[in-house]
Amino acid sequence: MMETGAGDYDSVALSRRIGTHTGGVGVSSLISGVNQEGAPEGVVTTGEHFVTKLLISGKSTSDKTDELFSIFDLILRDAKLDSQAKIVEMLRESKSRMESAIQGSGHAMSNAKIRSRYSVIGYINEQMSGISYLDTVKELLDQAENDFPSLL
């Protein structure tokens, strides 16, 4: 979300603002299993109930907290997700990173693929960061290069 820039800031200016006023800002996703309402405590559940969250984190000194939250607001509300060149660049980087990860950690990728057959959370995690994700990135890259308006 930060690599494309936000609001009046391009990616370089946004990075400089983050670096000037904070100790860093990060965005990630979290999928976590939860107990169904009324389920007894301490009992292993089927894994069909979960919560998905978008996490944004950052560090700042106490006097820069207002600036940190201003940057959070800017990134969440005004991210520039319509720059074809930047999106294509990010997808190429993601594709390259995933291909390298498969070479170095193929056993872990295979394990995740196998686990995806046994729980919903495992399936979603594999779709978002496993071998299936590489296939999705390749499709998105092709679409971004050849038919960007349909990607939006």
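Preceding block: the structure.
Keep in mind it's a predicted model, so treat the numbers as computed, not measured. Residue numbers restart at each chain and count upward from 1, following the sequence in its written direction. Note on the predicted model: pLDDT of at least 70 is required for a residue's local features to be given, and 80 or more for side-chain atom pairs to be given and counted; whole-chain, interface and lining totals, by contrast, use all residues. Side-chain measures here rest on the full set of heavy atoms in the structure, leaving out hydrogens and waters.

A. Broad picture of the pattern of salt bridges. Every case where a carboxyl oxygen of Asp or Glu lies within 4 Å of a side-chain nitrogen of Lys or Arg is listed as a salt bridge. Enumeration over the complete set of coordinates arrives at five salt bridges. One salt bridge in this structure joins Arg77 and Asp73, with 2.4 Å as the shortest N-O distance. Placement of both Arg77 and Asp73 in helix α2 (residues 65–78) is noted, with a separation of four residues, approximately one turn of the helix. The rule is simple: take the accessible area with a 1.4 Å probe, protein chains only, and divide by the maximum for that residue type; under 20% is buried, over 50% is exposed, in between is partly exposed. By relative accessible area, Arg77 is classed as exposed at 66%. Looking at Asp73, the relative accessible area reads 37%, which means it is partly exposed. Where helices and strands are cited, they refer to DSSP runs of H or I of at least four residues and of E of at least two residues respectively, numbered from the N terminus.

B. Examining α2 more closely. What a helix should span is 1.5 Å times the count of its residues minus one. For α2, built from 14 residues, the straight-helix expectation of 20 Å at 1.5 Å per residue is met to within 8% by its first-to-last C-alpha distance of 20 Å. Every buried residue of α2 is listed here: Leu68, Ile71, Phe72, Leu74 and Ile75. One side of α2 holds all its buried residues, which, seen down the axis, span an arc of 160°. In α2, the exposed residues that point more than 90 degrees away from the buried face are Asp66, Phe69 and Arg77. Elements that come into contact with the buried residues of α2 comprise α1 (11–21), β1 (24–33) and β2 (50–59). When we speak of the arc, we mean the arc of directions from the helix axis to the C-beta atoms. Residue contacts are counted whenever heavy atoms from the two residues lie within 4.5 Å of one another.

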